[in-house]
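# Examining the three-dimensional arrangement
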Amino acid sequence: MTDTARGTSRRYGTRPTMKDVAARAGVGLKTVSRVVNGEPGVTPDTERRVQEAITALGFRRNDSARILRKGRTASIGLVLEDLADPFYGPLNRAVEEVARGHGALLINGSSAEDPAREQELVLALCARRVDGLVVIPAGDDHRYLEPEIAAGIATVFVDRPAGQIDADVVLSDNFGGAQDAVAHLIAHGHRRIGFIGDQPRIHTARERLRGYRTAMAAAGLPVDDSWVSLGSTAPDRVRTAANAMLDAPEPVTALFAGNNRVTVTAVRVLGERPRPVALVGFDDFELADLVRPAITVVAQDPARMGRTAAGLLFRRLDGTDDAPRQMEIPTRLIARGSGEIPPAQD
């Protein structure tokens, strides 16, 4: 039997109130308030009637007034680059677990790597009175957040630093990890190593390029301009860049891929080649150990980054007011086979 057949109607967006509960239970509003808030002064029989009314109506306490009294909402916002990116899954989960341990709700959203969308989403979360923010920044100017931070909204940036403001940030060792990747390829005999990275405006891409160049310079190796390609991580763009490096008169013998999306496309490109080409990717990814050869990677620790950022955020909320901190999480080179392939002999 449908609700209509029973003679009832449902108005979505209209929730039962304490007044509705009081009317159904046949008690006063103050009595309902005492039961809802676990206060004394209500007989067992009256409490039972109120609880039955609450269950029948599907009543839930509206915490808005309590929030206004306490000045805290017990909620934090998390702004990611892309919810579908596997890198952000463990980071999101780690932030959520820390928030849960502090009795807080996590609200998250994606900026899609768009600075305007990031600002819109961040300010929307602030308007909903979140206590704090964890932000993976898409833009490079975060002065729009200064009034919110001054008003007491704790903010921690992750993966990339804030732009034009001083704020807490948790980073991976992008520079050191890239150095390790390229040094590993050099140790296996490579002298012409190509680097395909993300947009040059992105902090992580710049740091990984800096690590690549530093490792090459430390080994006394030149870097030809044609060996470096920064830009979109779209498969077509990455494929074009990789093929250009591999088909040059003096082709590269190894590729260093700047993130997991670049690595996945590089694996496909190299799988079409008659000769093996060495590959090291920055970021681990699912099934990297199952392809043949298995993919050597510089692994980040997104879960640790998330835990560290959320822990720092809640310390700020608890009153820590020292200078903004920059914390760097180490990376780890995992040799699986693709990065150990020697240069092809002509």
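Calculation criteria
- Residues numbered from 1 in each chain as written.
- Predicted model: local features only at pLDDT ≥ 70, side-chain atom pairs only at ≥ 80, totals over all residues.
- Heavy atoms only, no water.
- Domains from an automatic or database assignment.
- Helix = DSSP H or I, 4+ residues; strand = E, 2+ residues; numbered from the N terminus.
- Pairing = 2+ DSSP bridges.
- Axes fitted to C-alpha atoms, helices over the stretch in contact; angles between N-to-C directions.
- Contact = heavy atoms within 4.5 Å.

This brings us to the domain arrangement of the protein. Along its sequence, the protein is carved into domain 1 (18-61), domain 2 (73-172 + 303-329) and domain 3 (174-299). Centre-to-centre separation of domain 1 and domain 2, based on C-alpha positions: 39 Å.

A negative phi angle is the norm for most residues apart from glycine, just as the trans form is the norm for most peptide bonds. For the peptide bond that leads from Arg 292 to Pro 293, omega is -5 degrees, which places it in the cis range. Not every positive phi belongs to a glycine, and Asp 283 is a case in point at roughly 100 degrees. In this fold, Asp 283 is placed in the loop between β9 (278-282) and β10 (296-299).

Pairing between the strands of a sheet comes from backbone hydrogen bonds, and it takes one of two forms, parallel or antiparallel. Taken together, the six strands give an open sheet; going across it, the order is β7-β6-β8-β9-β10-β12, and neighbouring strands pair in mixed fashion. Each having just a single partner strand, β7 (228-230) and β12 (332-334) make up the two edges of the open sheet. Averaged over all pairs of adjacent strands, the angle between their axes in this sheet comes to 15 degrees, without regard to strand direction. Packing of helix α9 (residues 203-218) onto the sheet brings it into contact with β6 (193-197), β7, β8 (254-257) and β9, and relative to β6 it is tilted by some 170 degrees. The sheet contacts of helix α11 (residues 260-271) involve β6, β8 and β9, and relative to β9 the element is tilted by about 160 degrees.

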